Amino acid sequence: MFNIIIFGKPGSGKGTQADFLKNKYDLYHISTGDLFRKNITTETKLGLEAKSYLDNGDLVPDTITIKMLENEVLSNKDVKGYIFDGFPRTLNQAESLDFFLESINLNISATIALDVSEDELISRLLERGKITNRSDDQDVDKIKNRFNEYNNKTSILINFYKNQDKFYSVDGKGSVDDITSRLFNLIDSLI
Ligand code: AMP
């Protein structure tokens, strides 16, 4: 199985690119952000627990997030591989993911980061906020808080995956098509 993590700051294009990768490599796409938003819309218990964190741009506590992720994997086991989008975002999540995948005889094949500057991301997110109505994309303070969460809790995962020789970075600037080609070229060289 080929299991990848698509990694990067909010707005770096993880979800957009994950859609292309999912189709090309026949992977099952798991976006923890999408799962939370679905639960919030349908007003499940999980959604109610997660809502205030998403509204403020804070990370949802690990215990809730890890359990949701594991359930999603276990409910979709007959697949060729997974693409994890927006997970892991903390060291604890990354360690738990390794441990969990090992328990079902899987592992991460590669972590691929989309590299984009924060200035560019702020304008992208504000644009997206107008189209999708996502409240966490409409307020610069919330956006900056999400960058802080990334810088304080998520960026350390770069070294975590570098130490495992699984970290790759792709230039996330330019047209969507150009970025997709860069990702395809990289992944084709890995499989
Ligand atoms: P995203 O759609 O990936 O930008 O995520 C939107 C929001 O969902 C984040 O700002 C967090 O509040 C929450 N979230 C998504 N993934 C995670 C995660 N792995 N850990 C904690 N919170 C998360």
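The following refers to the structure shown. These numbers were taken from a predicted model, which means no experiment stands behind them. Per chain, residues are indexed from 1 in the order of the written sequence. It should be noted that, the model being predicted, local features are given only for residues of pLDDT at least 70 and side-chain atom pairs only at 80 or more, the latter also being counted only at that level, while totals for whole chains, interfaces and linings use all residues. The basis for the side-chain values is all heavy atoms of the structure; hydrogens and waters are excluded.

When their charged atoms lie close together, side chains carrying opposite charge are able to pair. By definition, a salt bridge exists where a carboxyl oxygen of Asp or Glu is found within 4 Å of a side-chain nitrogen of Lys or Arg. Summed over all chains, the structure comprises 15 salt bridges. Here Arg-37 makes a salt bridge to Asp-34, at a shortest N to O gap of 2.8 Å. You can see Arg-37 and its partner Asp-34 sitting in helix H2 (residues 32–41), three residues apart, about one turn around the helix. Given the relative accessible area of 40%, Asp-34 is considered partly exposed. In this structure, Arg-124 engages Glu-120 in a salt bridge whose closest nitrogen and oxygen atoms are separated by 3.1 Å. Of this pair, Arg-124 and Glu-120 both sit in helix H6 (residues 118–132), four residues apart, which is roughly one turn of the helix. A single network of salt bridges, built from pairs that share partners, joins Arg-128, Arg-134, Asp-136, Asp-137 and Arg-146. Starting at the N terminus, helices and strands are each numbered in turn, a helix being any DSSP run of H or I of at least four residues and a strand any DSSP run of E of at least two. In this scheme, a residue with accessible area under 20% of its type's maximum is buried, one over 50% is exposed, and one in between is partly exposed, where area comes from a 1.4 Å probe on protein chains only.

With that settled, the discussion passes to the packing of H2 against helix H4 (residues 62–74). A fitted line through C-alpha atoms represents every axis, and for helices the fit uses only the stretch in contact; the resulting angles, taken between N-to-C directions, go from 0 to 180 degrees. Relative to each other, H2 and H4 sit at 100°, their axes nearing to 11 Å. The orientation of H2 with respect to H4, classified from their angle, is roughly perpendicular. Listed contacts from H4 to Thr-32, Leu-35 and Phe-36 of H2 are Ile-64, Thr-65, Met-68, Leu-69 and Glu-72. Tallied by class, residues from the contact of H2 with H4 come to five nonpolar, two polar and one charged. Between 65 and 115 degrees an angle is taken as roughly perpendicular, under 35 as roughly parallel, over 145 as roughly antiparallel, and anywhere else as oblique. Any two residues whose heavy atoms approach within 4.5 Å at even a single point are treated as in contact. Ten residues, namely Ala, Val, Leu, Ile, Met, Phe, Trp, Tyr, Cys and Pro, are considered nonpolar, four, namely Asp, Glu, Lys and Arg, are considered charged, and the remaining ones, Gly among them, are considered polar.

Before going further, it helps to examine the packing of aromatic side chains. The geometry of an aromatic ring pair is captured by the separation of the ring centres together with the interplanar angle, meaning the angle of the planes. Geometry of aromatic contacts follows a simple scheme: Phe, Tyr and Trp rings, the Trp one being its six-membered ring, pair when their centres are within 6.5 Å, and the pair is stacked under 30 degrees between planes, edge-to-face over 60, tilted otherwise. Summed over the entire model, instances satisfying the criterion amount to six aromatic pairs. Judged by centre distance (5.8 Å) and plane angle (20°), the rings of Tyr-82 and Phe-84 are stacked. With respect to class, Tyr-82 is no different from Phe-84; both count as buried. Each ring, one from Phe-160 and one from Tyr-161, has its centre 4.9 Å from the other, and the planes form 90°; the classification is edge-to-face. Members of the aromatic cluster, connected to one another through ring pairs, are Phe-7, Tyr-150 and Phe-167. The positively charged end of Lys-24 is found above the aromatic ring belonging to Phe-184, 4.8 Å away from the centroid. Criterion for a charge above a ring: Lys NZ or Arg CZ within 6 Å of the ring centre, and within 35 degrees of the ring normal.

Any link to function would need more than the numbers given here.
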